[in-house]
Amino acid sequence: MRGPGRVVVLDTDVMGLSGLTRDEHGALWAPGEVGDAVLRIDSESFAVTRYPVVGLPDGNDLEAMAWVDGTRFVLGTETMENGRLQDIILDGRLDGQTFKVTPVGQIDYARWQLTAPENRGIEGMCNVEGVLVLATELIEEARGGRWAPVGVFDPRTQTWTAHRIQTTSSTGKLSAMDCRMVDGTIEALVVERHYGVSYLLRFKLPAGPVGQWIQPTVAADLSELVDPLPNFEGLAWMQDGSVMLLTDNRHRTIVNEASRLYFIPASEIR
């Protein structure tokens, strides 16, 4: 029988979880998009610990999160400003019973000759051997298709590479993402979603400073696996090839629904 594996309901009052990452101990971490808290989710019991966020600049929502090392993370943001040229990237560190964030950089949409609409920004992040990959919710129409900006920042050379990933639907935008290194190349899984649309896409990011136009492969049609179809805003790619997906419970189609983790077996992912 096709379908998801285990589904876990998270016991938390933090609304609008957006982003998911795993630390070295296997614990999951997820930010609330309004910036009030970051959650740690135990890898075995799925018990939730809430850490209030300190230092988030006014007007910024938390939309993506990637573990770096120890208790250090990076986070992606968006705002309600229409036509902006950049969104900030945050350093996040667990400090006792709080989670402190500090701006450390930004993604500049001018690299793609784009500006960001309101409420669309950095929607997915991953950190692979120190290299930071950011998936955005922006869309560019070109070459007869729809393309989503994906930026790669290499701190060793302090350089950005501006890639474009083609969407597979006429309405979908990128959200959650995770990555891993395969034979020296970064491979990514990302969710493309809109209302009624939800795909897992797989693609590789070539090394070097020259941005590429990349056509991904469809790794799974999530609408065939999950019914009713939620809004997936977080993704963790497990070592065995399975995927954990986190739902967002703060958007216009639902009211007071619990946040959930869906486990997609490796056998369902191409």
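Not measured: the values here are computed from a predicted model.

Rules of the game
Residues numbered from 1 in each chain as written. Predicted model: local features only at pLDDT ≥ 70, side-chain atom pairs only at ≥ 80, totals over all residues. Heavy atoms only, no water. Helix = DSSP H or I, 4+ residues; strand = E, 2+ residues; numbered from the N terminus. Buried < 20%, exposed > 50% of the residue type's maximum accessible area, 1.4 Å probe, protein only. Contact = heavy atoms within 4.5 Å. Polar contact = N/O pair within 3.5 Å; in protein donor to acceptor, adjacent residues only side chain to side chain. 1 Å grid on protein atoms, 1.4 Å probe; cavity = no way out; pocket = protein on both sides within 12 Å on 5 of 7 lines; lining within 4 Å. Points joined across faces, edges and corners; volume = space filled by probe spheres on them. Nonpolar A, V, L, I, M, F, W, Y, C, P; charged D, E, K, R; others polar. Core = buried A, V, L, I, M, F, W, Y, C linked by side-chain atoms within 4.5 Å. Pairing = 2+ DSSP bridges.

Q: Honestly, the environment of Ser223 in this entry has me stumped. Any pointers?
A: In this structure, Ser223 sits in the loop between strand E19 (217–221) and strand E20 (232–237). In this structure Ser223 comes out as partly exposed when scored by relative accessible area, which is 35%. Separated by 24 residues in the primary sequence, Ser223 and Tyr199 have C-alpha atoms spaced 7.5 Å apart. Excluding anything up to four places from it in sequence, Ser223 contacts Ser198 and Leu229. Here Asp221 takes part through its side chain, which lies 2.6 Å from a polar atom of the side chain of Ser223.

Q: What is the right way to look at empty space enclosed by the protein in this model?
A: It is the rolling of a water-molecule-sized probe over the atoms that shows where space remains empty. Enumeration over the complete set of coordinates arrives at one cavity of 30 Å³ or more. Of the volumes computed, that of the largest cavity is approximately 40 Å³. As for the largest cavity, its lining consists of Gly19, Leu20, Ala64, Met65, Glu123, Gly124, Met125, Ala176, Met177, Glu233, Gly234 and Leu235. Those elements giving two or more residues to the lining of the largest cavity turn out to be strand E6 (61–69), strand E10 (122–128), strand E15 (173–182) and E20. Per-class residue counts for the lining of the largest cavity are seven nonpolar, three polar and two charged.

Q: Honestly, unusual backbone geometry in this entry has me stumped. Any pointers?
A: If a residue is not glycine, its phi is most likely negative; likewise, a peptide bond is most likely trans. Following Asp227, the chain continues into Pro228 via a peptide bond in cis, with omega recorded as 0°. If you trace the backbone, Pro228 turns up in the loop between E19 and E20. Even without a glycine there, the phi angle at Phe46 is positive, about 60°. Assessed through its relative accessible area of 10%, Phe46 is described here as buried. Of note in this structure, Arg143 is not a glycine but carries a positive phi near 50°. As for its placement among the helices and strands, Arg143 is situated in the loop between strand E12 (140–142) and strand E13 (145–154).

Q: Would you explain the nonpolar core in this entry?
A: Soluble globular proteins: nonpolar side chains tend toward being buried together. Core analysis: the biggest nonpolar cluster contains 19 residues, and Val133, Leu174, Met177, Cys179 and Leu205 have the highest contact counts within it. Looking at this core, the elements with two or more residues in it are E10, strand E11 (131–136), E13, E15, strand E16 (185–194) and strand E17 (197–205). Setting aside anything within four residues of it in sequence, one finds Leu174 in contact with Glu123, Ala135, Thr136, Glu137, Ala148, Val150, Ile165, Val190, Val191, Glu192, Arg193 and Leu201. Grouped together as the second largest cluster of nonpolar side chains are 18 residues, Ile89, Tyr109, Trp160 and Ala162 included.

Q: So what exactly am I meant to see when it comes to the pairing of strand E7 (residues 72–78) here?
A: When a strand is regular, its side chains alternate between the sheet's two faces. Burial of E7 is extensive: six of the seven residues sit out of reach of the surface. Sheet topology note: the E6/E7 ladder contains seven bridges and is antiparallel. Within E7, the position partnered with Asp61 by the bridge is Glu78. Counting the residues that bridge the hairpin from E6 to E7 gives two residues, and of these Gly70 lies at a positive phi of roughly 50°. Sheet analysis places E7 next to strand E8 (residues 86–95), joined by five bridges and oriented antiparallel. Across the sheet, residue Leu75 finds its bridge partner in E8, namely Leu90.

Q: Just to check I follow, could you spell out the environment of Gly151 for this structure?
A: Note on placement: Gly151 falls in strand E13. Between the alpha carbons of Gly151 and Pro209 there is a distance of 11 Å; along the sequence they are 58 residues apart. What Gly151 contacts, discounting residues up to four positions off in sequence, is Trp112, Leu132, Val133, Leu134, Trp160 and Thr161.

Q: What exactly am I supposed to notice about the layout of surface pockets here?
A: By volume, the second largest pocket is sized at about 510 Å³. Around the second largest pocket sit 25 residues that line it, and Arg22, Asn127, Asp178, Cys179 and Trp237 are the ones nearest its centre. The set of elements that each furnish at least two residues to the lining of the second largest pocket consists of strand E2 (21–22), E6, E10, E15 and E20. The element best represented in the lining of the second largest pocket is E15, accounting for five residues. Considering only residue class, the lining of the second largest pocket consists of 14 nonpolar, five polar and six charged.

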